[in-house]
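# Reading the structure
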Amino acid sequence: MSDTSSDFAKKIEQARLAVQKTSAWVSGTVKLPPQSLHMFYLDKENQPHFLNLSTATPEQLDVLTAACDPATFGRANEDVLDESYRKAGKMDAEKFASKFNLETSRILPTVLPQLLVGSGKNDHEVEAELYKLNVYGEGGFFRAHKDTPRSEKMFGSLVVVFPTPHTGGHLALRKNGEEFTFKSDDLPGSRDEIAYIVFFSDVEHEVLPVTSGHRITLTYNLYHADKSTKAPLTLRNHDITPLKDALSQLINSPKFMPNGGYLGFGLRYDYPVVLGKTKFSELKDLLKGEDLMVQTACEALNLDVSIRGALPDSTGEDGHQALFDYAADLSGWGEIEPEGDGSWAEIIKGAKRIDEVGPENWDVEDERREHILWVTPLAEYGGYKMSYITYGNEASLAFEYVRTCLVAKLQRE
Ligand SMILES: O=C(O)CCC(=O)C(=O)O
Ligand SMILES: [Fe+2]
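Counting restarts for each chain: residues are numbered from 1 in the order of the written sequence. Chains and ligands are labelled sequentially in the order written, the chains with letters from A and the ligands with numbers from 1. Thresholds applied to this predicted model are a pLDDT of at least 70 for local features of residues and 80 or more for the giving and counting of side-chain atom pairs; totals over whole chains, interfaces and linings are not thresholded and use all residues. Think of the side-chain values as coming from all heavy atoms in the structure, minus any hydrogens and water.

Heads up, the condition is: UniProt positions are given in the numbering used here, feature names are shortened, and annotations may be inferred rather than shown by experiment.
The name recorded for the chain in an unreviewed UniProt entry is Fe2OG dioxygenase domain-containing protein, from Marasmius tenuissimus. Per UniProt, the comment on the chain under Sequence similarities (unreviewed entry) is "Belongs to the iron/ascorbate-dependent oxidoreductase family."

Below, the structure written as structure tokens:
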């Protein structure tokens, strides 16, 4: 390979493009035995009701609607009722018993291999927690949000849409510039068929207004099961070869980053952490989609890989960042100052300054600092948002999403 700086720039671009897109959502329909659409619930007076969702009349669905509470959502760690944001009824899991059986529906075994692109799927166990029943009448909607993370291991959400007659109420999902509309009113071919979608919980999603009828959904939170940490996901279905080859061509050229340093990859997904506490090393077995692809390719090249937080260090100079290894709580800080009180060095324990380099300046020797080359770009502010994000369902005090990066150490001697 020739090694002018523009050749390297092209090769780096190739490596960036070799991080192939994987899906952040998978949807489908499944026919169920009739009793799976039976449901029992308690109304506000704790009177029991029986409902067959495959035959329910609009009047029966109105009775169910009346038994629901107005749905709140989590904002800035508080539960808020705001009908300009979410207009729907909800019923907590202890108030109803649905005969829908997730296990016999086989939804997860169908979907997870596509979503998690993991070969470890047989060992890699997922726990599904039934979260709520949601009822949207005409005019019901839920504005764009991400689902509140309830543990570091929560990675996904499952929505099951019952075949009750309705129009509208499409679920629009957006991630990294891609958009998908799940038209649940159109999908089930008959009233014994449900529509479902599984998506990574940090995908922004929105329920558009229901234009007629009743849209009734079950939501589940999906977690990596505890024991699955012993069988981390590895990629099989997705071809990591193009990325591995592009990276290996780079690192095998002695003129590429001659002083060594880190290859940096801005991650594409957010991960739940406890601010002030979670060590980013704990996220290593939890990476999703493209992030997992990057990790697998780097490890296949025997690079030492770690997850880090990264921030521009606001010296005003371009190309300096702070790297750190735990989920520093920056919520009380506006601008991070370059020096002294309020500088990242003061606020974030163990943070180190790192200099961003490219083909034009990676041969500059600077004894004091380490170099990083961003193969995939770092999200704005390292994705390390200090502002509140509006989350979906009820607030959770403990967990926040942060965007981190993966760094792979390149040793040169
Ligand atoms: O009902 C739906 O389709 C989605 C509900 C939702 O996004 C939520 O409960 O967080
Ligand atoms: Fe949601």
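### Remarks on the sheet that holds strand β10 (residues 126-136)
For clarity, the threshold we go by: Note on pairing: two strands pair once DSSP finds at least 2 bridges between them. Numbering of helices and strands runs from the N terminus; a helix is a DSSP stretch of H or I covering at least four residues, while a strand is a stretch of E covering at least two.
With antiparallel pairing, the seven strands of this open sheet are ordered in space as β1-β16-β12-β19-β10-β8-β4. Unpaired on one side and paired on the other, β1 (25-31) and β4 (69-70) mark the two borders of the sheet. One ladder, built from seven bridges, connects strand β12 (residues 154-161) with strand β19 (residues 215-224); its direction is antiparallel. Considered in β19, the bridge of V160 is made with L218.

### Some details on the coordination of the iron ion (ligand 2)
Our working definition: For Na, K and Ca the donor cutoff is 3.2 Å, while for all other metals N, O and S atoms count as donors only within 2.8 Å; water does not appear among the atoms, so some sites may look incomplete. The buried label applies to any residue whose accessible area, calculated with a 1.4 Å probe on protein chains only, is under 20% of its type's maximum; exposed applies above 50%, and partly exposed to all values in between.
Of the protein atoms, only H145 (NE2), D147 (OD) and H205 (NE2) coordinate the iron ion (ligand 2), at distances of 2.1 Å. Motif for the iron ion (ligand 2), donor spacing along one chain: H-x1-D-x57-H. Under the relative-accessibility criterion, H145 is labelled buried at 3%. The exposure class of D147 is buried, given its relative accessible area of 6%.

### Description of the side chain of S54
Under the convention used in this document: Any pair of nitrogen or oxygen atoms within 3.5 Å is treated as a polar contact; in protein, a donor-acceptor pairing is required on top of that, and neighbouring residues in sequence qualify only through side-chain atoms on both sides. The contact rule is simple, with two residues in contact once any of their heavy atoms fall within 4.5 Å.
Relative to the helices and strands, S54 is located in the loop between β3 (48-52) and α2 (58-67). Here S54 falls in the buried class, since its relative accessible area comes to 16%. Within the structure, the side chain of S54 is placed 2.9 Å from the side chain of N52, a separation counted as a polar contact. Discounting residues that sit within four places of it in the chain, S54 has contacts with L37 and R191.

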